[in-house]
Amino acid sequence: MKLIDGKQTAADIRAGLKARAAAFSCKYGLPVGLAVVLIGDDPASAVYVRNKIKACEEVGIRSFAHILPADATQETAENEVRRLAEDASVHGILVQLPLPAHLAASRILARIPAAKDVDGFSVENVGLLAKGERGTVACTPLGVMELLRRYRIPTAGKRAVVIGRSNTVGKPMAMLLIGADATVTVCHSKTQDLAAVCRQADILVAAVGRPKTVTADMVKEGAVVIDVGINRDGGKLCGDVDFEGVKDKVSYITPVPGGVGPMTVAMLLQNTLDAAERQV
Ligand code: GUN
C-alpha cells in the first residue's frame with residue numbers, strides 16, 4: 001500500500017502559487033483577491049473558511065471575509081454577492097455551502113459572474129465541464145485529479161466508481177474521470193448492491209459523508225481508493241473509508257486528514273489565480 005500524501009502535494013502546489021501570486025502583484029500593482037462569504041454559524045463551514053483564509057495569507061492572495069448572520073435575508077445575501085461581483089479588487093468569489101435552509105442557494109450563486117466563480121459551481125462552468133470544455137472546475141474533484149496525475153495513476157480504460165452524486169463532488173468527479181477516459185459508474189443512496197459495484201472499481205472515490213461506509217469487502221485487491229469524506233467520529237476527523245480495514249488490500253489510498261482536504265484548498269487558490277490572470 002502506498003499512501004497518497006495530499007498534505008505534502010498541496011504544500012508543493014502552494015509554493016508554486018506563491019511565486020505566481022507575487023508575480024501578479026508586481027506586474028499589475030494589485031494583489032490577487034478572493035472574497036469568502038460565510039452565512040450563518042455552521043461550525044464545519046467556519047473551520048473550512050478559516051483554513052481557506054489562512055491558505056490565502058500563506059501564498060499572498062488577499063482575502064476578504066464577509067460573514068453574515070444565520071438570519072440574513074435572501075436580499076441581503078444577494079446584494080452582498082452583487083457588490084463583490086462589481087468590485088475590481090475581488091477576482092474570485094466563494095459562497096461557503098451549505099447555506100441556512102431559508103435561503104435559495106442557487107439564486108445567490110447565480111449572482112457570481114462565471115469569471116469570478118472560483119468554485120466552478122456556476123451554470124456556465126458546469127456546462128463547460130459537461131461538454132468536456134474545461135472552464136473552472138470544482139476544487140475537490142480537481143484536487144483528486146491532480147493527485148492521480150502527480151502519482152502517475154493511470155485512468156484511461158480503468159473502471160472508476162464514484163460513491164456520491166453531489167453537485168460539489170460526485171457529479172463533477174464523474175465528468176472529470178470520463179474526460180480522463182475512465183469507465184465511470186456513479187453510485188448513491190439508492191444503488192442496489194453497492195458492495196458488488198464497488199468491487200469492480202480500479203479507482204474508487206468515496207464522497208458520501210458517512211464514516212466507514214467503504215469496508216474491505218467492497219474493495220478489489222490492488223484498487224486505488226480516494227477518500228473525500230470529512231466526518232467527525234467523536235471529535236476525531238475521519239473519512240468515508242474504513243482505512244485500517246482496507247489499507248492492506250489497496251495499491252494507493254488517501255488518508256483523512258492529510259489526503260484530499262488540503263488539495264481542495266490548494267485548488268481553490270489555483271482557481272483564484274487563474275481567474276485573476278484572466279481578468280486583467
Ligand atoms: N462546502 C463543502 N465543500 C465546499 C466547496 O468546495 N465550496 C464551497 N463553496 N462550499 C463547500
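Structure shown above.
The rules behind the values
Residues numbered from 1 in each chain as written. Predicted model: local features only at pLDDT ≥ 70, side-chain atom pairs only at ≥ 80, totals over all residues. Heavy atoms only, no water. Helix = DSSP H or I, 4+ residues; strand = E, 2+ residues; numbered from the N terminus. Rg over C-alpha atoms; globule rule 2.2 N^0.38 Å. Contact = heavy atoms within 4.5 Å. Areas by Shrake-Rupley, 256 points an atom, 1.4 Å probe, with all protein chains shown as cover. Lys, Arg positive; Asp, Glu negative; His and termini not counted. Charge placed at Lys NZ, Arg CZ, Asp CG, Glu CD. Core = buried A, V, L, I, M, F, W, Y, C linked by side-chain atoms within 4.5 Å. Buried < 20%, exposed > 50% of the residue type's maximum accessible area, 1.4 Å probe, protein only. Pairing = 2+ DSSP bridges. Axes fitted to C-alpha atoms, helices over the stretch in contact; angles between N-to-C directions. Near = heavy atom within 4 Å. Polar contact = N/O pair within 3.5 Å; in protein donor to acceptor, adjacent residues only side chain to side chain. Nonpolar A, V, L, I, M, F, W, Y, C, P; charged D, E, K, R; others polar. Parallel < 35°, antiparallel > 145°, perpendicular 65-115°, else oblique. Left-handed = near helix turned anticlockwise from the far one by under 90°. Expected span 1.5 Å × (residues − 1).

(A) The arrangement of the overall build of the protein in detail. Within the protein, the regular secondary structure consists of ten helices and eleven strands. In summary, the protein has a C-alpha radius of gyration of 19 Å against a globular reference of 19 Å for 280 residues, a match within 12%. In terms of overall dimensions, the protein has a C-alpha envelope of 50 × 40 × 40 Å along the principal axes. Residue pairs at least 24 apart in sequence account for 71% of intrachain contacts in the protein once pairs closer than 6 positions are excluded. Just so you have it, the protein exposes about 13200 Å², and 52% of that area is on carbon and sulfur atoms. Of the charged side chains in the protein, 34 are positive and 30 negative, and the gap between their average positions amounts to 3 Å.

(B) A look at the nonpolar core. Core analysis: the largest hydrophobic core is formed by 52 residues, its most contacted members being Ile61, Leu148, Leu177, Val205, Ile226 and Val228. Broken down by element, the residue count for this core peaks at ten residues, all from helix α10 (residues 260–279). If sequence neighbours within four positions are ignored, isoleucine 226 has contacts with Ile4, Val144, Leu148, Leu204, Val205, Ala206, Thr254 and Val260.

(C) Examining the sheet that holds strand β4 (residues 92–95) more closely. On the basis of which strands lie adjacent, the open sheet formed by three strands has the order β3-β2-β4 and parallel pairing. Two strands in the sheet have a free side with no partner beyond their single neighbour: β3 (62–68) and β4. Geometrically, the sheet is characterised by an average inter-axis angle of 15 degrees between neighbouring strands, direction not taken into account.

(D) Here's a closer look at the site of the ligand. In the vicinity of the ligand, the residues found are Lys52, Leu94, Val95, Gln96, Leu97, Asp119 and Phe121. Residue valine 95 places a main-chain N or O atom 2.9 Å away from a nitrogen atom belonging to the ligand. Between the ligand and aspartate 119, the relevant distance is 2.6 Å, taken from a nitrogen atom to a side-chain nitrogen or oxygen of the residue. Notes on the ligand: free accessible area 280 Å², of which the protein chains cover 81%. Per-class residue counts for the shell around the ligand are four nonpolar, one polar and two charged.

(E) Representation of the packing of helix α1 (residues 6–28) against α10. Contact pair α1 / α10: the axes reach a minimum separation of 9 Å and the direction vectors enclose 20 degrees. One way to sum up the angle between α1 and α10 is to call them roughly parallel. Regarding α1 and α10, the two cross each other, and that crossing is left-handed. Residue-level inspection shows Gly6, Lys7, Thr9, Ala10, Ile13, Arg14, Leu17, Arg20, Ala21 and Phe24 of α1 in contact with α10, the latter providing Pro262, Met263, Ala266, Met267, Leu269, Gln270, Leu273, Asp274, Ala276 and Glu277. Here the residues of the contact of α1 with α10 sort into twelve nonpolar, three polar and five charged.

(F) Focus on the side chain of threonine 155. For threonine 155, the position within the fold is in the loop between α6 (139–150) and β5 (159–163). A polar atom in the side chain of threonine 155 sits 2.9 Å from the backbone oxygen of alanine 180. Those residues in contact with threonine 155, other than ones at most four positions away along the chain, are Leu148, Leu177, Ala180, Asp181, Ala182 and Ile203.

(G) Examining α1 more closely. Taking 1.5 Å per residue as the helical rise, α1 with its 23 residues ought to reach 33 Å, and the 32 Å between its terminal C-alpha atoms agrees with that figure. Along α1, the positions that sit buried rather than exposed are Gly6, Thr9, Ala10, Ile13, Arg14, Leu17, Ala21 and Phe24. Buried residues belonging to α1 abut α2 (43–59), α6 and α10. N-capping of α1 is provided by aspartate 5, with a side-chain oxygen placed 3.2 Å from the backbone N of lysine 7. Looking one or two places after α1, you find glycine 29, whose phi comes out positive at around 70 degrees.

(H) How the structure looks around the pairing of β4. Residues Gly92 and Leu94 point to one face of β4 and Ile93 and Val95 to the other, with burial holding for every one of them. Of the pairings in the sheet, the one linking strand β2 (residues 33–39) to β4 comprises four bridges and is parallel in character. Each bridged residue has a counterpart across the sheet, and for valine 37 the counterpart in β4 is valine 95.

(I) Representation of the environment of serine 251 in the model. As for its position among the elements, serine 251 is in the loop between α9 (243–246) and β11 (252–253). Put simply, serine 251 and serine 122 are 129 residues apart on the chain and 35 Å apart in space, counted from C-alpha to C-alpha. Here serine 251 is in contact with Met1, Lys2, Gly222, Ala223 and Val224, once residues within four sequence places are set aside.

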